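Read off the chains here:
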Amino acid sequence: MLVHADPHYLFQFFSRLYRMVFLMKVEGADYVYEAVTPDGITLGSLPDNYRGQTIRGIYPPEVAGPLQDQYDRAREQKEPVFYSDKMNKVTDVASYATSILMPIEDESGNVCFVLSMTSDLSERSHTELLSSMENIDYLTKLPNLIRVKGELHQRMERLERGEVVVLYINLDRFRLLNELLGIEEGNEMLQKLAAGIGRVLPEGTVFGRVDGDEFIAVLAPSNQEAAEAAANDVLQVIESHTYEVDGIEISLSACIGAASMSENASMMIANACTAMMDAKQAGPGEIRFYGGNAATEKLLDELYVEVELIRAVRNGDLEVYYQPKLQPAAGKMQFEALARWHSPKLGTVPPSIFIPVAEKSSLIEEVTSFVLERVCRDMHTYPELFAEGRTAVNISTKLFNRPAMLRSVIDVIERCGQPPERFELEMTEQTLVDDAEHGRKIVRYLRELGFRVVIDDFGVSYSSLNYLKELDLDGIKIDQSFVQEIDEQMDRRGYDIVMFILSLAERLHLDVTAEGVETEIQLRTLERLGCGEMQGYYLSRPVPAAELAVAVHQSRERLHKPPEPVPGTAEAETARLEAYRALKVSTSSFEEKYDRIVRAVQRAFHMPISFISLIDENKQYVKAIEGVPHEDPAVQHGTPKEETLCAFVVDYKKPLVIPDTKEDEAYCLHPNVVNYGVRFYAGVPLLTEGGQAVGTLCVVDARPHTFTDKDLQLLEDYSCWVMAEMEKTPQ
């Protein structure tokens, strides 16, 4: 028995499962054809004007009589009726078939429609027919979760990303209501709610019952705005139902979670359920859209990365790239070895993603050993390149004990036949100061073996001068956040900090390397201040050993080249556009490899919108975006360059962070702020190997935010991922 169900919805639903479906309206003692599938019309020999006619009016008595009897039986018993008979008795061309007649009741409990489904009497057809009945909720006669999930899967396959939305509806305190009113009254309330909700949902919605007090709706095609409107309609229906306790009338309430396209139907339903739980915590009548359960997603992502990383290490699929470190005064060239990973399943994965994952297990030892083995091999293959100096290797804090250091570092280079004097080990400040006494012993031990030991990212962590005196170090690396504050406007803060670090290092007899040199101005300023060694994208990006000779030559050329055009001038723009066009990256299509990056960025910063843009002489084009539909005019057609905040980032090749545009006089009237309501903006340039800015990687929000130096560094790491994809694109 199907109680209070929408007959037309059921007709549409079962029409996707069976070739022959008949919806018959009950009028007196007759059954009137309301809707029939095309195969039903053909095989039932129905006339073109069948709609509105009765069974007795179309078929002769010998055919109509037995068929009418079956419909009468379903109507009287108010239960599904199964029967087998010959199909199409008029033409007598069909084989036997099985049918099921399902009565549908109105609000008064009277049978108002009968739904008939007919198919060939084969084992498979019979199984499908019975299965379809099993996938109907016994109480509300709505599709159950299994059926809804199947429908969702089919729609996800048919529609584009973002066009399917799942609503997960949970009634508040309904179990308590059942206890107060009794099961029968509670069930009756559920039936009324199911009918009411079904009436307000958009046409084509798949609406079902999960269990107990939970319902689910699949809206497709749809979007966030339409889904929110539908969710509000559902809440109004629910709140219009009341029950009485001790003479007091109480309104029902509910919470709704929503989720759009995910990897599969199960994950999408789970995401909607997670959003519903968030809404539940916020209070009755709340709607929440799934924005990513950060903790769960992070764990799943890390586990997936770890599994793939283990496979890459064991199969030797990691790579080692080298970034030149130039000593201007001596003209000497050294290198830093950096692990790189391009996974067949994950694409190019930045070290900022896979190294922290490796550090959570002994996998970091295997990664370090792999890097050192590859460096030793390259030293043997390209002896003339590595003859000038040492090669630096990053050492994780997880290896900062003698047994781990022996296994992953010392034993490896001994086995490969390379002396410690050819290596420089870079460690973070925090590694050494967490246990100062242990730090002193390890540094002394390594230096006695012949390694050079330097502090990486100096100034961003502990930054105490005491340990520089106490630890017998060889040098420090100035963190790039300080170097990048030395710009064309000569930011005094950055300049003064760098000058102080250089002065301090000189007094303590420490060598200094400045990392993150990205502009000629930074290079010339550091050279003038007497910095002994520099590395950064302006000199050379990290490259494989086979390309190192070219990178070394390029770095030396950069040191002696004439000054480059002043940012913002026509000459500088011409050079930038040449680099932009040389990439040959399409601005008219979206690609999964870039979509994957903006999704990762959105999750990493918990921002509603993240995007990659490309900028030519006239417009900014969106290459990938998360949080805004692809149909948005600005996404589809681009935005005039002068109306974008990204223009500054590209013109001056430097990041731009605006915590609150409304509080910033320079940007409060900017078109992005006025037209789109942008309150927070953080963007970094996409820099080519030649140092030209071709676009941006950004995160934005309609609410203000803080953005730390660490956040900015992470965003820049992601920009390197973007450029790695762009510059490996076949030209």
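The structure presented is a predicted model; accordingly, all values stated were derived computationally and were not measured.

## Side note on the pattern of salt bridges
Under the defined criterion, the tally for this structure stands at 31 salt bridges. In this structure, the salt-bridge partner of lysine 477 is glutamate 426, at a minimum N-O distance of 3.1 Å. Here lysine 477 is found in strand β20 (residues 475-478), whereas its partner glutamate 426 is found in strand β18 (residues 423-428), with 51 residues between them in sequence. By the burial criterion, lysine 477 is buried, and glutamate 426 matches it. What you see here is one network of salt bridges that share partners, running through Lys325, Glu424, Arg452, Asp511 and Glu533.

## Considerations on the pairing of strand β9 (residues 214-219)
Most of β9 is tucked away: six of the six residues are buried. Of the two faces of β9, the one carrying Glu214, Ile216 and Val218 and the one carrying Phe215, Ala217 and Leu219 are both buried. Note: strand β7 (residues 165-171) against β9, six bridges, orientation antiparallel. What sits directly across from tyrosine 168, in β9, is isoleucine 216. Note: strand β8 (residues 206-211) against β9, five bridges, orientation antiparallel. Bridge assignment links arginine 209 to a residue of β9, and that residue is phenylalanine 215. Between β8 and β9, which follow one another and run antiparallel, lie two residues, and glycine 212 among them has a positive phi close to 50 degrees.

## Describing the packing of helix α13 (residues 363-381) against helix α15 (residues 402-416)
The geometry of α13 relative to α15 is characterised by a closest axis approach of 9 Å and an angle of 20 degrees between their N-to-C directions. Considered as vectors, α13 and α15 are oriented roughly parallel to each other. The handedness of the crossing between α13 and α15 comes out as right-handed. On α15, the residues that touch Glu365, Thr368, Ser369, Leu372, Glu373 and Cys376 of α13 are Ala404, Arg407, Ser408, Val409, Val412, Ile413, Arg415 and Cys416.

## Observations regarding helix α9 (residues 224-239)
Spanning 16 residues, α9 covers 22 Å between terminal C-alpha atoms, matching the ideal 22 Å at 1.5 Å per step. Among all positions of α9, only Ala227, Ala230, Ala231, Val234, Leu235, Val237 and Ile238 are buried. Relative to the axis of α9, the buried residues are bounded by an arc of 160 degrees and lie together on one face. Those residues of α9 that are exposed and aimed more than 90 degrees away from the buried face are Glu225 and Gln236. Where α9 begins, the capping side chain belongs to asparagine 223, and its oxygen is found 3.2 Å from the backbone nitrogen of glutamate 225.

## Some points on the sheet that holds β7
Here five strands make up an open sheet; going across it, the order is β8-β9-β7-β12-β13 and the pairing mixed. Of all strands in the sheet, those with a lone pairing partner are β8 and β13 (287-289), marking the two edges. Taken over all neighbouring pairs, the strand axes of this sheet differ in orientation by 20 degrees on average, direction set aside. Packed on one face of the sheet, helix α6 (residues 145-158) meets β7, β8 and β9 and runs near 140 degrees to β8.

## Side note on the environment of alanine 220
Take alanine 220: it is sitting in the loop between β9 and α9. By relative accessible area, alanine 220 is classed as buried at 14%. In the structure, alanine 220 is positioned 16 residues away from glycine 204 in sequence and 7.2 Å away in space, judged by C-alpha atoms. Contacts of alanine 220, omitting those with residues within four sequence positions, involve Arg155, Leu159, Glu163, Val164 and Gly204.

## Regarding the pairing of strand β3 (residues 30-36)
Summarising burial for β3: five of the seven residues are buried, a large majority. Sheet analysis places strand β2 (residues 20-27) next to β3, joined by six bridges and oriented antiparallel. Its bridge partner lying in β3, lysine 25 is registered against valine 32. Counting the residues that bridge the hairpin from β2 to β3 gives two residues, and of these glycine 28 lies at a positive phi of roughly 65 degrees.

## A short note on α6
Taking 1.5 Å of rise per residue, 14 residues should cover 20 Å, and α6 covers 20 Å from first to last C-alpha, within 8% of that figure. Three or more residues of α6 are buried, namely Arg147, Val148, Glu151, Leu152, Arg155 and Met156. Where α6 starts, the residue carrying a side-chain oxygen 3.2 Å from the main-chain nitrogen of isoleucine 146 turns out to be asparagine 144.

## Overview of the sheet that holds strand β28 (residues 680-687)
The strand order across the open sheet built from six strands is β26-β25-β24-β29-β28-β27, with neighbouring strands paired in antiparallel fashion. The open sheet terminates on both sides in strands that have one partner only, identified here as β26 (639-640) and β27 (656-658). Across two bridges, strand β25 (residues 619-626) lies against β26 in antiparallel orientation. Bridge pairing in β26 places lysine 619 opposite proline 640. Most of the contacts of helix α23 (residues 570-583) go to strand β29 (residues 693-701), to which it runs at about 85 degrees, and overall it touches β24 (609-615), β25 and β29.

## Things to note about the environment of leucine 176
Inspection of the secondary structure assignment puts leucine 176 in helix α7 (residues 174-181). Taking the relative accessible area as the measure of exposure, leucine 176 reaches 43% and is therefore partly exposed. On a C-alpha basis, the gap between leucine 176 and glycine 186 in space is 9.8 Å, while along the polypeptide they are ten residues apart.

## Quick notes on the nonpolar core
Counting residues in each nonpolar core, the largest one holds 79 residues, and the members touching the most others are Tyr322, Trp341, Met405, Phe423, Leu446, Ile476 and Leu526. Counting residues in hydrophobic clusters, the runner-up holds 35 residues, among them Phe11, Met102, Val218 and Ala272.

## Digging into the side chain of arginine 209
Here arginine 209 lies in strand β8. Judged by its relative accessible area of 6%, arginine 209 falls in the buried class. Polar contacts involving the side chain of arginine 209 include one to the main-chain carbonyl oxygen of glycine 212, which spans 3.0 Å.

## Some thoughts on the confidence of the model for the protein chain
For the protein chain, the average pLDDT comes to 83, and 87% of its residues sit at 70 or higher. In the predicted structure, residues 86-96 sits below a pLDDT of 50 and forms 25 contacts with residues beyond four places in sequence or in another chain. Considering only residues more than four positions removed or in separate chains, one finds that residues 120-131, a stretch of pLDDT under 50, has 21 contacts.

The rules we used
- Residues numbered from 1 in each chain as written.
- Predicted model: local features only at pLDDT ≥ 70, side-chain atom pairs only at ≥ 80, totals over all residues.
- Heavy atoms only, no water.
- Salt bridge = Lys/Arg side-chain N within 4 Å of Asp/Glu carboxyl O.
- Helix = DSSP H or I, 4+ residues; strand = E, 2+ residues; numbered from the N terminus.
- Buried < 20%, exposed > 50% of the residue type's maximum accessible area, 1.4 Å probe, protein only.
- Pairing = 2+ DSSP bridges.
- Axes fitted to C-alpha atoms, helices over the stretch in contact; angles between N-to-C directions.
- Parallel < 35°, antiparallel > 145°, perpendicular 65-115°, else oblique.
- Left-handed = near helix turned anticlockwise from the far one by under 90°.
- Contact = heavy atoms within 4.5 Å.
- Expected span 1.5 Å × (residues − 1).
- Arc of directions from axis to C-beta.
- Polar contact = N/O pair within 3.5 Å; in protein donor to acceptor, adjacent residues only side chain to side chain.
- Core = buried A, V, L, I, M, F, W, Y, C linked by side-chain atoms within 4.5 Å.
- pLDDT = per-residue confidence, 0-100.

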